[in-house]
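These are the residues of each chain, in order.
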Amino acid sequence: MSDILCRWLNSELRLSKVVEPHSLSKDFSNGYLLGEVLSRYQLQEDFQSFSTNSTGNAKLNNFTRLEPTLQLLGVPFDLSMAKAVMQGQPGAATRLLYQLYVLLQKKKRSGLTGTALETMQPAATARLHRIENHIYTQRLRAVVKREADEKMQKITQRFDKRGQDMYGRSVMAELEQEEKRRHLQEERRLQDIEKHRQARKKQQEIMERIETAAVRIPKPPMSRSLRAPRNQQRQQEAQNVHQQIAQFEKSRKRLSPASYGPTSFSVQVTRAVSEDEMAQWNNEYVQKIRQRLEEDATAREQREKRRRRALIQQLHTHHTHEEMVREEQLIARLVRQSQQEKRIAVQLMQIRQQKEVLRQNRILRQRQYEEQRLTAFHQALDRETALLQQDRVEHQEEIRKERELHARLAAERAQSKHQKHFNICREILEQIVDLATKSGEYRLLTANAIPLKLIREWKEMYFSGKPLYEVSELELGVEPAEPSPEQAIELEKLNILNQQDYDEYTNMTGEWTWPEEEGESRAPPTNNDILGHVVARLQNIVNPPCLNDPSPQFPNFSLRACVLGKVCSGKTTCLTRISEVHGIHILSADTLIQEALAAHQAGEQVPSDHSPELETSAESCGSDTQEAEQREEESSTAADSGPVSKDLPKKDSETKQSLRAQHGAAVEKALRRGGAIPDELLIDIFIHAVRQVPEGRGWVLDGFPTNVSQARLLEKALSGADPDQADRKRRNKKPNLVEDKNAPKAPPPPLPALHLAMLLEVSDEQVLDRAIHQSQQVREENANKSNDTLPKTQDQTLPPEHTQQSAPPAGDHTHIQHRIATFQDAWSKLEKWFGEKQKILVKVLAEVDKDALFRSVETVLFNTMTAAQKGDEAAEGSVKVTDDSASLTVPEPIASESAAKEGAAGRSRRTSISTVSAGEAPSPTPGSTGWVYVDEPLPQEIAEYLVPYWDTVCSSYVSNVKAVMQNLRSERNLIIHHLYNIREDFKQYLRRPDLKQEFVSVWQRDFNSVPDDMRQDEETKAELHHRLDELRERLWDICDKRREEAMEERAGVIGDGWLKDHTALLINHYSTLMQVEVDRFQDTLRVLRDYYTGMYRSVLPEAPQDFTCLPLLDITNNNGSQPDRTKSPSGPAPSERLTKSAGKKNTEPEEKKTKVVPLIGRRSPSTDPSRLLQDIHQTALTAITNMASVEVQQVEMEVNQEVQQQQMEREKALSQASATNSAKKKSAKKKGPPSPTQEPTPPPLIEESPEEVQGRAVRSRIRQEYSRALQHEEGAARQRLELVKLHALSFVHSVQHRAEQTHTEMQEWLDHRFTSEMDSIQQLSEVVQHHIENSRKVPHQLVLDCTDFFIDGETRVLPTPPTPPRPPPLEQTNHSTLTILQLHGLHAQLHKIAPTGLVSSTELCKVLQELTSLTMGSDALPEAWMNLTDSQVQELVCVLSQDREVVDWRQFLLSAAQPWPLPSQNQLLKTLRRFRERDTAASGVLTLEQYKQVELWFSSQRDVPVPDDPTEPLPFDRLANLKEFFFALFADSGSSPAVLDYLTMLLYFCCHPDPAQGFTRALSIVTQHKHQYRHTSPLLQSLPYMDGAEECEAEEEDESVRKDDGVLVDELLRVLSHGGTRVTSHHRIESNSREELQQDLVKVFKELGFDAEEKIPFSMLSQHPFLQDLMEGSSQYLLTDIHRLLHIPKSDGEPSSFTTS
């Protein structure tokens, strides 16, 4: 029967949902499908009011509307039947459907409609049915629960569950408090033990210091007889101490057994214990620990069982109580229901009597209502017309405001973008100004060129965007705890410079390059592969590498794309059409979220045939938030089962929500909180949708992702690769001094998860117009719907608000601006992500119609699908190879903890791959490619100690090197400023005032006081000369005294000791750097020794306590104070040197030892700093050599000990064998007569076990690796120390050279000052002597101002200057003629743009326009060229190009270089002959020297008149300079030296105003004999501005014509192919290729009766029309008169145009 019903419902009625037999009860439980069945038979007119939901309100509404129709059909449908159908009881819906099926088939056969059945029904029966319907509705409302009641019940159950959970947690709180108290006691006990240990440690250190400080007097050696009792006594004392310690441990274990474990305190035993005893103690100790752990585990299990039993009992009690409460509620409801039925039965009869009266009244009221509705309808139409008109006006106003808002926002965005760019440009300009100022300051300080080191530092600061000048002061070596923003910038600058210096130092580049004077430059030390392998293995033991999570598996999709764009850009419309046409799945965020919410509201559950593995993999994609929400939803669902779920099957209560429903629950929760949906949740929703796409199909994301964070999450979810993983690894990478060459290489970056990211470009104005248009369409559709529905709803009165609700809501597009701004803010980052990083971005213009946009998008998607399919096919093989290689590079687990313990306990289990037998000799050297490293098991505690120790070594090395580099930079800057300061101070000292002017003034007053009548007397003149000599001597004495004082000041500056102190500081800094290298070598040596020793020894040897310390210079003063720190900041003080950890590696803690740095006392002044650096360098080398030699000796000693041990074992075996033989002989003598003499038994052979042989071979390989690694580190350390020494010597020498240069400059200034003062005194003496001899007074005031001599204080007396040199010749500019310099500049620019010689006409036009516009005011072009407009420049280029796309710029420059003498045909041939005579090698090219020796057709050497005025320059020889320019124009600059193809040059000079004549001249050059061509057209006018044009033509006419030898086809081709341009004919299109032109010429030869290989007379050939066309169209031989073009006058009101004559 179910099959019949399903066939009826699905085939005949075709319901909206396909019905299955097993789901009839569930599908018809909400009543919607029942209403649809009745509506198909036109019995349910109000079917539109039915709801598809499964909530209580929806069921109440549906079944209330179904009851009258079912009663009309005669179906027995009461409350119990409705309840059974709503609850989904088995068979209830089937019985109801069967009754409906029978009755509806009868109705269908009878042909009655619902209205007919209602009309045929009696009035009393109809009235009774209405009363029964009212009673049914009331009872149904009481039975069906409302949504509020269901939610309240869920909330109640949820809080009940939370109360139970709180009660359970309170029970466990006491147990947790007890556990915390026990842990607290344990921690206190451990702290007490640690305090005791620290106290004993400090006491032990004090005793060691006392013993070290004690002076021990060596005693005479004791005899062996006295040593033996003392050794026995010491052994006895050690045994007693050991017994006491064991007794103390037992007592402590008995007192506190719970706290006795692996972390208990152990006492250091100084006595040597045998390995057997140690192994026995370790086994006992491990057994006790295991026993204690087993007891603890048993106790925990018992406690867990008791707690679980108590929780189960509490849960059972709670369930029993809930069941009792539900039964009581059910009984109460049943009692209330029975009482209501009795009351209703009493009222039923009364209602039946009133039915008929109500019916008559209803008919009357319906007539009145119909009249009222008709009147209201007409009124509503009038109101709606007015409202629509008003709404249209308001809508137009809203559009205007929206456009204004858009314009304002666009202006604000443009302003913000402009401000952003302005700020960037301002910052760049400020940095450029700072860089220039910094350069000027350095030149001011040093007067030298800026070194490359400073240039690199400033450039790094410039590229990093950091200011060059200090914005805040930092104390050297002290980093502030909370730095200010300015201090943070300074710290970043220091880190950048320190990192740059460190990279240069380690890579030996830049300042730390190996000096050239030391011979061949050395490369940086190579990587120590053995040490790299050791460090990598230790790190793998401590931190085993974990495998990356497998990438998510998706089906193979044909297309993975996303389409982005602004709102209203046409994404959804276009993609919907593509989905309909091509079947591509479109995934939209809005659609997927709505589906998830619908699934959650419908309670979508996982199907019964759902695979648990698939569900698990799908759920793993969700976030933690979704998992929590899922658990909460499951708990609430379980709690909400209530009495309704009591009758349901058990499997229905255990069903689980689907993943889409879980996503919907999370979305609903996020939306109810009022926030946005998290990106992680959106990604999970999309991934779930992607998994639903069938394999082989494609999918496109509509408008997703919207920001770069979503794009990153989407990439990670689809490909499994984290885009930020590389950045995090780079930031978290620790410094490491070595690299492991065998380390697995980083995998290549994965391909993008998406095949395509498409952007639909549309302007903001277009978006706004589309949004307005869509809004108008929506408003019109709503208005049409309201007009259509008004006449149909005449059974209801139109409310006054109806017209307002039917209109489109105002402001539907107000959010458009916000969405546009949001997209523009996020697109810049998305464009970088998809365009620059993933390179999958494609932009499509969307400002077209729908069809054009569809075709564009379809083409792009199709091309992407095709490329993706090809890429997938090509990548199948590479993926397999990559997977295999990846499986090989995965590191295996190194060693487990148990294996490490077994290795530490001395077990001889060696099964490593690298182990070789004793008889095998390894051919490769250790560390080479073929070498197999020894990877024996290593104890875990050794690796855990060495890894942090090596990290500390690397970090301390890097930080110390950077600190030294920072100190060197500060010392460099300090020395530069100090030298500048002493120079400036000395200059100021030399300018100090003196008393010479006072003496001169007094002397001049006395001189002028002499009477005039006495000045003629010879005695008076002699007296005056004597006084002048005295004045001069006194002034000279003042100058001598000032010179002595200046000399003393200079000597004081030189001998103040500042430079020596800071030179000592520099030496100390370099000594510190050498100390860092020595420490690195020593720490590396310890790591290697401990690593290799730990592989074959259980206990490591004790590390030496001493540290190698290099000496430092004592720079303190006599009173013990250092120099002023403000003047000379240096590196860290000796007391701040590094501390290293050393000590035992197995059980003893690390002990920090402080280095005691020896100081070298202050040397004598004559001590050479180079000698000090050599001594420190030699000390460092000696220390490294000693440490290496000690290790080598240690290795040799171990080998000797093994050999001695083997020898002792062999001797012991021989002694045992001899003892056995002697015992056998004695027993034989006692038993009987002596036996015959036997030969002595040979010694037994000692058989070694394979494990011993294998162990010896392993130890041998270990020593080889260790020795090789040690040699490599020693060589690298020596090379770095040598580099430090050379750099230190260079730096110190440069400082000394600067100081000496400064002192020399000071001496030069002093001498020049003294000489100038003496010269000024001599000038004063000469002036006074002149006045004495002329017997006159000195009317003007004589002034001696320092080194200058003035008269009247204003007129300075200077020596006669020398004659200035004659200025170089300068070419005078003409109106349109380019000078030689302008020609060279234009040639350089064109050669840079087009080296081949052919430039496009567009490019040439652009170059000329730039020169005429951008170089206004400069001397790049003549005046006539600078006045050209853009249109005139384009016309000029068109004239030059002759309607072709390219221009020969050499021909253009040749025309622009006019005037120059136009050569005749004879002159060209003579010039060619002179070129060939100079070309002795017949190579066709000449160098510049050979070219200068050849005389052209014009003389370049003329007698230039020399002007009489020496300040006037010589006349400019333009022809001589033109000759040099011609070489530069036609020479090949690519060869070295530059050479000139003279034949090509002469072909260029064959150009002529008539192209046919130019062709004839070029043919004469190629054939080397003269040809003549008589042009039929009128003669062309001669070119102006050409000297000697008429003379050349006359010469050609007068000269006799030589015999025409004829021409060949190849010669014609050579002439036609000159310049790389094509020849154009007047009758046809230009030739396409050289082959076609050759075929045409051969055809012409045949027409004239000649073969292709024969010569034809040019007089005959030139008469052929084809050749005449070629000659007339050979534009490469046309000489354009640019000057005549530039002189064409402009017409009024329009620009001039250029034409060729």
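Note: the structure precedes this text.
Residues numbered from 1 in each chain as written. Predicted model: local features only at pLDDT ≥ 70, side-chain atom pairs only at ≥ 80, totals over all residues. Heavy atoms only, no water.

Draft legend 1. Spatial organisation of a nonpolar patch on the surface. Together, Ile424, Ile428, Leu429, Ile432 and Val433 make up an exposed nonpolar region whose accessible area comes to about 410 Å². Among the secondary structure elements, isoleucine 424 is positioned in helix α11 (residues 275-446). (Patch = residues over 30% accessible without salt bridge, like charges linked within 9 Å, V, L, I, M, F, W, Y side chains within 5 Å. Areas by Shrake-Rupley, 256 points an atom, 1.4 Å probe, with all protein chains shown as cover. Salt bridge = Lys/Arg side-chain N within 4 Å of Asp/Glu carboxyl O. Helix = DSSP H or I, 4+ residues; strand = E, 2+ residues; numbered from the N terminus.)

Draft legend 2. Broad picture of the sheet that holds strand β17 (residues 1539-1541). In space, the three strands of this open sheet follow the order β15-β17-β16, with antiparallel pairing throughout. The open sheet is flanked by β15 (1485-1487) and β16 (1531-1532), the only strands paired with a single partner. (Pairing = 2+ DSSP bridges.)

Draft legend 3. Local environment of the pairing of strand β10 (residues 1342-1345). Bridging between β10 and strand β11 (residues 1348-1351) involves four bridges; their strand directions are antiparallel. Within β11, the position partnered with valine 1343 by the bridge is phenylalanine 1350. From the end of β10 to the start of β11, which pair antiparallel, there are two residues, and cysteine 1346 there has a positive phi angle of about 60°.

Draft legend 4. Structural view of the packing of aromatic side chains. What the rule picks out here adds up to 28 aromatic pairs. Consider the rings of tryptophan 1003 and phenylalanine 1007, whose centres lie 5.2 Å apart with planes at 10°: the pair is stacked. With a gap of four residues between them, tryptophan 1003 and phenylalanine 1007 both fall in helix α30 (residues 996-1008), about one helical turn apart. Phenylalanine 1007 matches tryptophan 1003 in its accessibility class, with the two residues each being buried. Ring centres of phenylalanine 1530 and tyrosine 1548 lie 5.0 Å apart, and the angle between their planes is 40°; on these two criteria the pair is classed as tilted. A residue pair is termed long-range when its members are at least 10 positions apart, and phenylalanine 1530 in helix α42 (residues 1518-1530) and tyrosine 1548 in helix α43 (residues 1542-1548) qualify at 18 residues. Judged by its relative accessible area of 8%, tyrosine 1548 falls in the buried class. Taken together, the aromatic side chains of Trp1460, Trp1497, Phe1498, Phe1525, Phe1526, Phe1530, Tyr1548 and Phe1549 make up a single cluster linked through ring pairs. (Phe/Tyr/Trp six-rings, centres within 6.5 Å; stacked < 30°, edge-to-face > 60°. Buried < 20%, exposed > 50% of the residue type's maximum accessible area, 1.4 Å probe, protein only.)

Draft legend 5. Fine view of the environment of arginine 697. Among the secondary structure elements, arginine 697 is positioned in the loop between α21 (679-691) and β3 (698-702). Sequence-wise, arginine 697 and leucine 559 are 138 residues apart; in three dimensions their C-alpha atoms are separated by 7.1 Å. If near-sequence neighbours (up to four positions away) are discounted, arginine 697 is found in contact with Phe557, Ser558, Leu559, Gly583 and His585. For arginine 697, the side chain forms a polar contact with the main-chain oxygen of glycine 583, separated by 2.5 Å. (Contact = heavy atoms within 4.5 Å. Polar contact = N/O pair within 3.5 Å; in protein donor to acceptor, adjacent residues only side chain to side chain.)

Draft legend 6. Representation of the nonpolar core within the structure. Core analysis: the biggest nonpolar cluster contains 88 residues, and Phe1452 and Phe1526 have the highest contact counts within it. Among the elements that take part in this core, α42 stands out by supplying seven residues, more than any other. The contact partners of phenylalanine 1526, leaving out residues within four places of it in the chain, are Leu1454, Trp1460, Tyr1491, Phe1498, Met1545 and Phe1549. In terms of nonpolar packing, the next biggest core, distinct from the first, is built from 87 residues, Val535, Val947, Met1187 and Leu1283 among them. (Core = buried A, V, L, I, M, F, W, Y, C linked by side-chain atoms within 4.5 Å.)

Draft legend 7. Representation of the packing of helix α13 (residues 485-507) against helix α29 (residues 940-990). At a minimum axis distance of 9 Å, the contact between α13 and α29 shows a crossing angle of 105°. When the axis of α13 is compared with that of α29, the two are roughly perpendicular. For the pair α13 and α29, contact is made by Leu494, Leu497, Asn498, Gln499, Asp501, Tyr502 and Tyr505 and by Tyr957, Val958, Val961, Lys962, Met965, Gln966 and Arg969, respectively. Residue classes in the contact of α13 with α29 are distributed as eight nonpolar, three polar and three charged. (Axes fitted to C-alpha atoms, helices over the stretch in contact; angles between N-to-C directions. Parallel < 35°, antiparallel > 145°, perpendicular 65-115°, else oblique. Nonpolar A, V, L, I, M, F, W, Y, C, P; charged D, E, K, R; others polar.)

Draft legend 8. Structural detail: the sheet that holds strand β12 (residues 1355-1356). Across the sheet, which stays open at both edges, the three strands sit in the order β10-β11-β12 with antiparallel pairing between neighbours. Of all strands in the sheet, those bounded by a partner on one side alone are β10 and β12. By the bridge criterion, two bridges tie β11 to β12 in an arrangement that is antiparallel. Residue pairing across strands places phenylalanine 1350 opposite arginine 1356, the latter belonging to β12.

Draft legend 9. Representation of helix α47 (residues 1634-1647) in the model. For α47, spanning 14 residues, the distance from its first C-alpha to its last is 20 Å, which sits close to the expected 20 Å at 1.5 Å a residue. Looking only at α47, the buried set comprises Leu1637, Leu1641, Val1642, Val1644 and Phe1645. The buried residues of α47 occupy one face: seen down the axis, they fall within an arc of 155°. Exposed and facing more than 90 degrees away from the buried side of α47 are Glu1635, Gln1639, Lys1643, Lys1646 and Glu1647. Looking at the buried residues of α47, the elements they touch are α46 (1609-1616), α48 (1658-1661) and α49 (1665-1673). Positive backbone phi, at 90°, marks glycine 1649, one or two positions downstream of α47. (Expected span 1.5 Å × (residues − 1). Arc of directions from axis to C-beta.)

Draft legend 10. View of unusual backbone geometry. The omega angle of the peptide bond from glutamine 1458 to proline 1459 is 10°, so this bond is cis rather than trans. Tracing the sequence through the fold places proline 1459 in the loop between α39 (1449-1456) and α40 (1465-1478). Note the cis peptide between serine 1536 and proline 1537, where omega equals -5°. Along the chain, proline 1537 falls in the loop between β16 and β17. Of note, methionine 508 is a non-glycine position whose phi angle comes to about 55°, a positive value. In this structure, methionine 508 sits in the loop between α13 and α14 (529-542). Of note in this structure, alanine 1482 is not a glycine but carries a positive phi near 55°. Summarising the element assignment, alanine 1482 is placed in the loop between α40 and β15.

Draft legend 11. Geometry of empty space enclosed by the protein. Under the definition given, this model contains eight cavities of 30 Å³ or more. The wall of the largest cavity is formed by Leu1440, Gln1442, Arg1444, Val1447, Asp1448, Gln1451, Phe1452, Ser1455, Ser1675, Leu1678 and Thr1680. Elements represented by at least two residues in the lining of the largest cavity include exactly β14 (1446-1448) and α39. Tallying contributions element by element places α39 first for the lining of the largest cavity, with three residues. Per-class residue counts for the lining of the largest cavity are four nonpolar, five polar and two charged. Taken as a whole, the second largest cavity holds about 100 Å³ of empty space. Taken together, Leu445, Thr446, Asn448, Ile976, Leu979, Arg983, Arg1298, Gln1301, Thr1302 and Glu1305 form the lining of the second largest cavity. Listed by contribution, the elements that provide at least two residues to the lining of the second largest cavity are α11, α29 and α34 (1250-1333). For the lining of the second largest cavity, the element with the most residues is α34, which contributes four residues. Considered class by class, the residues forming the lining of the second largest cavity number three nonpolar, four polar and three charged. (1 Å grid on protein atoms, 1.4 Å probe; cavity = no way out; pocket = protein on both sides within 12 Å on 5 of 7 lines; lining within 4 Å. Points joined across faces, edges and corners; volume = space filled by probe spheres on them.)

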